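Residues per chain are reported as follows:
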Amino acid sequence: MPIIEAKNLTKVFGKNAKQALELLDKGLTKEEILKKTGSTVGVNRASFTVEEGEIFVIMGLSGSGKSTLVRLINRLIEPTEGNMYINGQDLAKMDKQQLRQVRREKLGMVFQRFALFPNRTVLQNTEYGLEIQKVPKEERAKKATEALKLVGLEGYLDQKPDQLSGGMQQRVGLARALANDPEVLLMDEAFSALDPLIRKDMQDELIDLQSTMKKTIIFITHDLDEALRLGDRIALMKDGSIVQIGTPEEILMNPANDYVERFVEDVDRSKILTAEHIMKRPETINVEKHGPRVALERMKEAGISSILAVDSKRNLKGYVTADDASEAIKNDVRDISEILRTDIKQVEKDTPMNEIFTIINGSPIPTAVVENERLVGIIVRGAVIAALAGESEVESHHA
Amino acid sequence: MLKEWFTEGIPIADWTESVTDFITETFEFIFDPIKEHFGSFMEFTSDSLTSIPPVIVIVLVALIAFFVSGKKLGLTAFSIVGLWLIHNQGLWEHLMDTFTLVLLASLLSVIIGVPVGILMSKSKTTEAIIKPILDFMQTMPAFVYLIPAVAFFGIGMVPGVFASLIFATPPTVRFTNLGIRQVSKELVEASEAFGSTGMQKLIKVELPMAKATIMAGINQTVMLALSMVVTASMIGAPGLGREVLSALQRAQVGTGFVAGIGIVILAIIIDRFTQSANSKE
């Protein structure tokens with residue numbers, strides 16, 4: 001079961017909500033409805049699911065309704081229509097008491113401009129969520145200190161927020177949300193107010209935190225690079241509607257419409273970078289010398305599940321998977337050529353990134369990069385996305 | 001009927017009078033005990049203050065002045081010289097009466113004004129209803145509500161407090177309303193997003209954030225209450241105001257000036273004290 005499920009979530013701001021909803025049914029646009037009824041459609045029938053442990057990015061330009069949508073998730077804004085299920089319970093139908101309980105236990109929120117309480121110290125800010133649940137003083141101090149440790153601020157407990165830099169303030173914001181140990185973190189443009197370098201650090205840290213804590217994160221951003229770096233899946237919004245939901249690759253490769261395409265075009269790194277820029281030094285075995293045991297040993301060492309096979313001239317011959325290799329060892333097969341697979345995808349060294357997408361998509365094993373038949377590198381899927389999202393260390397992979 | 005009104009005028013004055021009479025008679029059972037108990041409480045307060053030797057009061061005020069002004073000597077020196085001067089002019093007892101009047105009127109204004117301001121900030125309808133009432137309270141000449149004040153509470157300190165209350169409460173209400181409405185929307189959202197109850201949001205976020213504004217309103221309230229002492233003396237409230245009034249009635253410029261100076265000195269001290277409560281932190 002998905003942890004979050006939104007069904008036709010709709011928000012109309014203004015007085016003639018009912019009329020606006022009817023017009024929406026008739027397929028009128030946001031502008032037409034504004035003209036006819038004076039009501040603004042904030043979010044138009046947004047439906048999506050978020051799985052546990054996923055980073056779900058909601059992306060759109062300002063005015064696209066993404067901030068409204070995130071506030072419909074924890075009902076800071078009352079939906080005009082639709083359902084918002086969290087663990088199967090409909091938030092839209094809850095009374096105040098139940099809603100508070102869900103907010104306290106399940107939903108943490110991080111704000112664009114940090115929203116730290118200026119009259120409270122870093123520790124007191126972090127304790128806020130626990131304090132209102134009447135958690136005993138010592139216990140909440142302990143939990144808050146732990147949360148601050150997670151974000152690397154254990155030395156700043158007694159500072160006031162305005163004594164900290166923007167990046168540090170947002171760490172406090174993150175710690176405050178984490179201290180409650182919520183199941184879902186809502187992050188509303190959480191890094192948008194930070195300068196680019198700090199932002200990138202925070203993104204990396206968030207990914208680290210997420211991989212250790214396994215939180216479900218709903219991240220709002222207007223920045224495609226950020227969406228690509230963070231998102232397991234991305235929902236693109238325009239004029240209050242979700243126009244496409246998909247993995248970063250799906251969105252880059254198959255833009256659902258012109259709007260998405262225009263967005264994606266901005267990522268023009270894909271036209272400048274070539275395979276050479278993002279390839280890694282490959283782990284290989286030599287088919288003329290090595291058997292399944294060496295192949296398995298090397299895969300174990302490198303922590304990979306398949307390895308490329310070359311001959312002594314480094315001409316690409318195929319690849320061997322770990323499963324096949326261990327099977328071969330069990331059956332006492334010594335000749336590597338018996339388990340050699342040749343259905344490998346390969347690209348030339350100077351293939352541009354946007355072409356690599358189409359080739360690499362859906363392929364479970366790394367793509368080989370060749371130059372005149374000779375193996376020069378491999379490309380893993382993550383590297384393509386990372387490169388598009390502007391990883392600065394792309395160049396250093398150049399072997 | 002309508003025609004009569006054109007020729008005779010609407011009897012608003014008569015109506016008001018009968019409404020006041022009605023209230024006076026109907027709520028006598030409330031007004032009388034207030035008049036009695038609150039009156040004797042005020043007398044007790046002012047008597048207690050007067051019974052403290054002036055030297056001790058002056059030293060205490062000077063000490064407070066020293067600390068609230070951030071250990072500067074200006075306000076301290078002013079307090080000592082000012083209070084000594086009032087004592088020297090034989091106005092000490094009047095000063096204590098005035099202080100009691102201002103203190104109790106301000107306290108009541110704050111006790112009533114802050115909650116009303118909070119209610120006002122929470123709903124547009126409440127705001128729309130209360131705003132014109134506040135305008136009415138502040139613009140209606142003070143002399144006008146001295147009359148019902150006397151009708152309800154007789155003469156003396158109690159109606160004086162009542163009149164001050166009407167005149168001085170609006171700033172506290174307005175500033176509380178304003179202060180809470182000005183709290184950053186994101187902070188309010190943050191407090192809600194973590195599951196605060198309405199009361200938690202108010203006490204832990206809104207009031208602390210609005211504190212400076214509310215204190216500015218309270219400062220205004222205290223000053224207005226002080227400015228009412230002369231007016232209130234017309235219905236028998238004792239204190240420096242009565243000295244000013246009697247000087248006016250007898251055309252004694254000198255006596256009037258001295259009592260006036262006393263009010264000014266008290267005003268400056270109270271103003272600096274309430275302001276420093278605001279700027280601290």
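Residues numbered from 1 in each chain as written. Chains lettered and ligands numbered in written order. Predicted model: local features only at pLDDT ≥ 70, side-chain atom pairs only at ≥ 80, totals over all residues.

- Per an unreviewed UniProt entry, chain B is named ABC transmembrane type-1 domain-containing protein, and its organism is Ornithinibacillus halotolerans.
- Regarding chain B, the UniProt comment filed under Subcellular location (unreviewed entry) reads as follows: "Cell membrane".
- Recorded in UniProt for chain B, the comment headed Sequence similarities (unreviewed entry) runs: "Belongs to the binding-protein-dependent transport system permease family. CysTW subfamily." (UniProt positions renumbered as here; feature names shortened; annotations may be inferred.)

- In the nomenclature of an unreviewed UniProt entry, chain A corresponds to Quaternary amine transport ATP-binding protein from the organism Ornithinibacillus halotolerans.
- Here is the UniProt Sequence similarities (unreviewed entry) comment for chain A, exactly as written: "Belongs to the ABC transporter superfamily."
- Per UniProt, the comment on chain A under Subcellular location (unreviewed entry) is "Cell inner membrane".

### Examining the overall build of chain B
Argument step 1. When helices and strands are counted, chain B shows 14 helices and zero strands.
Argument step 2. Each helix (α) and strand (β) of chain B, taken in turn from the N terminus, gives the series α-α-α-α-α-α-α-α-α-α-α-α-α-α.
Argument step 3. Counting the 281 residues in chain B, one finds 38% classified as buried.
Argument step 4. Restricting the contact set of chain B to residue pairs at least 6 apart, pairs at least 24 apart contribute 75%. (Helix = DSSP H or I, 4+ residues; strand = E, 2+ residues; numbered from the N terminus. Buried ≥ 20, exposed ≤ 12 C-beta atoms within 10 Å, placed from the backbone. Contact = placed C-beta atoms within 7 Å.)

### Comments concerning the sheet that holds strand β8 (residues 216-221) of chain A
Residues and elements named next belong to chain A.
Argument step 1. Judged by pairing direction, the sheet is mixed, and its six strands sit side by side in the order β6-β7-β8-β3-β9-β10 without closing on themselves. Single-partner strands in this sheet number two, and they are β6 (107-110) and β10 (241-246). Each strand of the sheet is rotated relative to its neighbour by a mean of 20°, with strand direction disregarded.
Argument step 2. Pairing of strand β9 (residues 233-238) with β10, which is carried by five bridges, proceeds in the antiparallel orientation. Residue pairing in the sheet places leucine 236 in a bridge with glutamine 244 of β10. (Pairing = 2+ DSSP bridges. Axes fitted to C-alpha atoms, helices over the stretch in contact; angles between N-to-C directions.)

### Quick look at the domain arrangement of chain A
How large an interface is tends to be reported as the accessible area lost when its parts come together.
Argument step 1. Along its sequence, chain A is carved into domain 1 (4-106 + 182-267) and domain 2 (275-397).
Argument step 2. Each of domain 1 of chain A and domain 2 of chain A was reduced to a C-alpha centroid, and the two centroids are 38 Å apart. (Domains from an automatic or database assignment.)

### So, the UniProt feature "domain: ABC transmembrane type-1" (unreviewed entry) in chain B
Argument step 1. UniProt feature "domain: ABC transmembrane type-1" (unreviewed entry): in the numbering of this structure it lies at residues 95-274 of chain B.
Argument step 2. In the segment residues 95-274 of chain B, helix accounts for 87% and strand for 0%; the C-alpha atoms at its two ends are 18 Å apart.

### Focus on the UniProt feature "domain: CBS" (unreviewed entry) in chain A
Argument step 1. Feature annotation in UniProt places "domain: CBS" (unreviewed entry) on residues 278-336 of chain A, given in this structure's numbering.
Argument step 2. Here residues 278-336 of chain A runs as 36% helix and 24% strand, with 29 Å between its end C-alpha atoms.

### Section: the UniProt feature "domain: ABC transporter" (unreviewed entry) in chain A
Argument step 1. With numbering aligned to this structure, UniProt lists the feature "domain: ABC transporter" (unreviewed entry) at residues 28-264 of chain A.
Argument step 2. Between the C-alpha atoms that bound residues 28-264 of chain A the distance is 27 Å, and the span itself is 43% helix and 22% strand.

### Digging into the interface of chain A and chain B
Argument step 1. Between chain A and chain B, the residue contacts involve 16 residues of the former and 13 residues of the latter.
Argument step 2. Mapped onto the side of chain A that touches chain B, the elements with two or more residues apiece are α4 (96-105) and α5 (122-131) of chain A.
Argument step 3. By residue number, the principal contributor to the side of chain A that touches chain B is α4(A), which donates four residues.
Argument step 4. Split into classes, the residues belonging to the side of chain A that touches chain B amount to seven nonpolar, five polar and four charged. (Nonpolar A, V, L, I, M, F, W, Y, C, P; charged D, E, K, R; others polar.)

### Thoughts on the confidence of the model for chain B
Argument step 1. In the predicted model, chain B carries a mean pLDDT of 90, and the fraction of residues at 70 or more is 97%.
Argument step 2. Across the interface, the model reports ipTM at 0.79; the global pTM reads 0.77. (pLDDT = per-residue confidence, 0-100.)

### Concerning the environment of B:Ile155
Residue and element names in this part refer to chain B.
Argument step 1. By secondary structure assignment, the location of isoleucine 155 is in the loop between α8 (142-153) and α9 (157-181).
Argument step 2. The class for isoleucine 155 is partly exposed, based on 15 C-beta atoms found within 10 Å.
Argument step 3. Once the C-alpha coordinates of isoleucine 155 and serine 233 are considered, the two residues, 78 residues apart in sequence, prove to be 9.4 Å apart.
Argument step 4. Residues in contact with isoleucine 155, not counting those within four places in the same chain, are Val150, Ile235 and Gly236.

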